[in-house]
Amino acid sequence: MHQHRRLAILRRVLNDDSLPLRARVAAALVLLYAQPVSCIVRLTIDDITDDETTVAVRLGDPPSPLPEPVADLMRAYIQARQHLPYASSRSSQWLFPGRQPGQPMNPVSLQVHLRKIGVPPQRGRSSGIRQLVLQAPAPVIARALGYHDKTATRLVTEAGGTWSRYAPGDHTR
């Protein structure tokens, strides 16, 4: 998927209030942070921090700040979780609770929701990670988003990036 197409889908997801809020939040995590649906469904409420100035999501280390339109969407989604149809979901710590008590949403179900709103999860994620590794060193992206270093390095090479000689770690010694 081209970068322009990914960003057009992201814009629509962020601005179209007629789309389900849960799918909009998940789509933003796929398109912006290149997260696989299998990881998104494993996020908990504790993985989201909101100090009233910044909303961040713990995908790796350190937590990734959400840009303002996505932060507002996340705040709205967390508030809306209080009104979920299943009583067991309301008390669940999963960010995307499933129908079964204590279980997260099934990743396949979330993929179906994303496709219904026009978001191709795999292609959107691939496009997102390719763009991210072109903008910053692979080890930095890997650590921030929870990817393995070797995976991020392979992706930067495939994308034709120039960060191949970046040495990760503390350079102050």
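Structure's up top.
Let me begin by describing the structure that accompanies this report. (Residues numbered from 1 in each chain as written. Predicted model: local features only at pLDDT ≥ 70, side-chain atom pairs only at ≥ 80, totals over all residues. Heavy atoms only, no water.)

## So, the overall build of the protein chain
Counting its secondary structure elements, the protein chain contains 9 helices and 3 strands. When its helices and strands are written in sequence order, the protein chain yields α-α-α-β-β-β-α-α-α-α-α-α. Taking all 173 residues of the protein chain together, the buried fraction comes to 43%. Nonlocal contacts in the protein chain, meaning residues at least 24 apart in sequence, comprise 58% of its contacts between residues at least 6 apart. Approximately 9700 Å² of the protein chain is accessible, and the part contributed by carbon and sulfur atoms is 52%. (Helix = DSSP H or I, 4+ residues; strand = E, 2+ residues; numbered from the N terminus. Buried < 20%, exposed > 50% of the residue type's maximum accessible area, 1.4 Å probe, protein only. Contact = heavy atoms within 4.5 Å. Areas by Shrake-Rupley, 256 points an atom, 1.4 Å probe, with all protein chains shown as cover.)

## A short note on the sheet that holds strand S1 (residues 48-50)
Taken in spatial order, the 3 strands make up an open sheet running S1-S2-S3, and their pairing is antiparallel. Every other strand in the sheet has two partners, leaving S1 and strand S3 (64-65) as the edge strands with one partner each. Of the strand pairs in this sheet, S1 and strand S2 (residues 55-57) are connected by 3 bridges, and their pairing is antiparallel. Bridge assignment links Thr49 to a residue of S2, and that residue is Ala56. (Pairing = 2+ DSSP bridges.)

## A word on the packing of helix H1 (residues 3-15) against helix H2 (residues 21-33)
Running from N to C, H1 and H2 cross one another at 155°; their axes reach a closest spacing of 9 Å. Between H1 and H2, the interaxial angle falls into the category roughly antiparallel. Judged by the twist between their axes, the crossing of H1 over H2 is left-handed. Touching Arg6, Ile9, Leu10, Val13, Leu14 and Asn15 of H1 are Arg24, Ala27, Ala28, Leu31 and Leu32, all from H2. Along the lines of polarity and charge, the residues of the contact of H1 with H2 split into 8 nonpolar, 1 polar and 2 charged. (Axes fitted to C-alpha atoms, helices over the stretch in contact; angles between N-to-C directions. Parallel < 35°, antiparallel > 145°, perpendicular 65-115°, else oblique. Left-handed = near helix turned anticlockwise from the far one by under 90°. Nonpolar A, V, L, I, M, F, W, Y, C, P; charged D, E, K, R; others polar.)

## Observations regarding the pattern of salt bridges
Counted according to the given criterion, the structure contains 6 salt bridges. Beyond isolated ion pairs, a larger network of salt bridges with shared partners links Asp50, Glu68, Asp72 and Arg75. (Salt bridge = Lys/Arg side-chain N within 4 Å of Asp/Glu carboxyl O.)

## What to know about the nonpolar core
Within the largest apolar cluster, 47 residues are counted, with the highest numbers of intra-cluster contacts made by Leu66, Phe96, Val119, Ile129 and Leu145. The element best represented in this core is H2, accounting for 9 residues. If we skip the residues at most four places from it in the chain, Phe96 touches Arg22, Val25, Ala26, Ile40, Val41, Leu43, Tyr77, Pro104 and Met105. (Core = buried A, V, L, I, M, F, W, Y, C linked by side-chain atoms within 4.5 Å.)

## Thoughts on helix H8 (residues 138-145)
Of all 8 residues in H8, 6 are buried, a share of seventy percent or more. All buried positions along H8 are accounted for by Ala138, Pro139, Ile141, Ala142, Ala144 and Leu145. Of the residues trailing H8, Gly146 is marked for its positive phi of about 80°.

## Focus on the environment of Val41
The residue Val41 is located in the loop between helix H3 (37-40) and S1 in this model. When the C-alpha atoms of Val41 and Pro104 are compared, they prove to be 5.9 Å apart, with 63 residues separating the residues in sequence. With residues up to four places along the chain from it excluded, the contact list for Val41 reads Trp94, Phe96, Pro104, Met105, Asn106, Pro107 and Leu110.

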